[in-house]
Amino acid sequence: MDQPFAALSQRFASRFGEAPAFLVRAPGRVNLIGEHTDYNQGFVLPLALEHSVRIALRPRRDRRVRLYSENFQQWVEFSLEKLEKAQGWGEYVKGVAWALQEEGYTLQGWEGLLESQVPIGAGLSSSAALEVAVARAFAAVSSLPWDGKRMALLCQKAENEWVGVQCGIMDQMISALAERGHALFLDCRTLETQQVPFPSLARIVVMDSGTRRTLSHSAYNERRQQCEEAARLLQVPALRDLSPQELDQRAARVRLDQVLYRRARHVVTENERVTRTVQALQAGDVAAVGALLNESHRSLDQDFEVTNQALNELVAVAWEHPACYGARMVGAGFGGCAIALVKEEATEAFMEFVRQAYTQRSGYRTELYPSHPEQGVECYSGMMDDRRSR
Ligand code: ADP
Ligand code: MG
């Protein structure tokens, strides 16, 4: 049992008077490459972070669920007999219960403590980690078979239809299916997945720019509409269906507007970069992976135009350090985080450099999250050294 679990178990024991029956952990995630490709039915390559949501729990005899979030210092409590919509973080828990029951599963009640190291609202998907952890908790107390892909889809349904957030499938999939030391290739059209080995001598450093997108929804929706419009004019079901060569030929034929062309070029070349990154990882060519991250950033900056000055400065600072193989902004853009792929043994020096140089140049402070690719959701039961199947 790792230290965070040991500490959580102790806090559980002092509150409930006995050891937890189950310990569940589900990770946050970052997307190595494949940005703004998901809604174009393309490819993504996320990896699970060491930063996780943890739940310690025990079953209840009735059909009530009671969960205390240590981060929010707040209880949520509801009955599985009568799920009613309300406000707040409890909706993620309730939404998962709702989606599982809609699927026909019979659920047992439970109670427990929740603790998370996934920063909330930073784009590392604390929400999907919470959903997947809750689904795993329900599966444990209700003795449901655990099928990661199916459960990920139900968690997405909970977020889409109960919470009302139109997220894609990437976050839940990686939190449920990740394998330690691997990134997960995901085809967002077919949901085909493939584990891709990650170099053991490299580390991912997530770098929070300290800026948040303000015009988030309008700019994001505009990009989505531009992609749909480009696909329609280019006469393909989705931009995913074009290679860079085909894009150029068709764009010339239909005289595609310059802005739409650049938006489409980002998506089409980004899909190709995901494929090339998978190949480079399989070949153990870290330098090639780094170069692809850099290309991705330039494309997001110049063609898709979703960076901001802070993200560009942060990435430029990372690029300057000799231990950095490559870096790029991640997520929807206009704020949020960037990632760097860094030589393992120089991670500390790299982080020190980035902290200082970034603040000096931008005036913002960066929060850094170094990580190796972590295992997806896990559940331990009973005496805790008995490891349950995932
Ligand atoms: P993110 O990018 O982190 O997924 P979201 O806005 O999608 O940001 O999800 C954040 C929400 O998830 C929080 O507002 C809260 O409702 C829920 N959440 C995440 N972590 C926790 C936690 N540790 N305790 C309670 N709720 C949490
Ligand atoms: Mg989220």
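Residues numbered from 1 in each chain as written. Chains lettered and ligands numbered in written order. Predicted model: local features only at pLDDT ≥ 70, side-chain atom pairs only at ≥ 80, totals over all residues. Heavy atoms only, no water.

### Things to note about the site of ligand 1
Okay, step 1: Surveying the vicinity of ligand 1 reveals 15 residues, the closest of which are Ser 69, Asn 71, Gly 121, Ser 126 and Ser 127.
Okay, step 2: In this structure, a nitrogen atom belonging to ligand 1 sits 2.8 Å away from a side-chain N or O atom of Ser 69.
Okay, step 3: Protein contact buries 80% of the 560 Å² of open area that ligand 1 shows by itself.
Okay, step 4: Counting only elements with at least two residues in the shell around ligand 1, the list comes to β6 (110-116) and α3 (126-142). (Near = heavy atom within 4 Å. Polar contact = N/O pair within 3.5 Å; in protein donor to acceptor, adjacent residues only side chain to side chain. Areas by Shrake-Rupley, 256 points an atom, 1.4 Å probe, with all protein chains shown as cover. Helix = DSSP H or I, 4+ residues; strand = E, 2+ residues; numbered from the N terminus.)

### Here's the deal with the domain arrangement of the chain
Okay, step 1: Assigned domains within the chain: domain 1 (3-197 + 376-388) and domain 2 (202-371).
Okay, step 2: One C-alpha centre belongs to domain 1, the other to domain 2; they are set 27 Å apart.
Okay, step 3: Contacts between the two partners involve 29 residues from domain 1 and, on the opposite side, 40 residues from domain 2.
Okay, step 4: Buried surface at the junction of domain 1 and domain 2, summed over both partners, amounts to about 2,900 Å²; 64% is from carbon and sulfur atoms.
Okay, step 5: Counting across the domain 1 and domain 2 interface gives three salt bridges.
Okay, step 6: In this structure, the salt-bridge partner of Glu 35 is Arg 328, at a minimum N-O distance of 2.8 Å.
Okay, step 7: Linking domain 1 to domain 2 there are 14 residue pairs in polar contact (both at pLDDT 80 or more).
Okay, step 8: Of all the elements in the fold, those that place two or more residues in the side of domain 1 that touches domain 2 are β1 (22-31), β2 (43-44), β3 (46-59), β7 (182-187) and β8 (193-197).
Okay, step 9: Counting residues per element, the side of domain 1 that touches domain 2 draws most heavily on β3, which supplies four residues.
Okay, step 10: Looking at the side of domain 1 that touches domain 2, its residues break down into 15 nonpolar, 10 polar and four charged. (Domains from an automatic or database assignment. Contact = heavy atoms within 4.5 Å. Buried area = accessible area lost by both parts, 1.4 Å probe. Salt bridge = Lys/Arg side-chain N within 4 Å of Asp/Glu carboxyl O. Nonpolar A, V, L, I, M, F, W, Y, C, P; charged D, E, K, R; others polar.)

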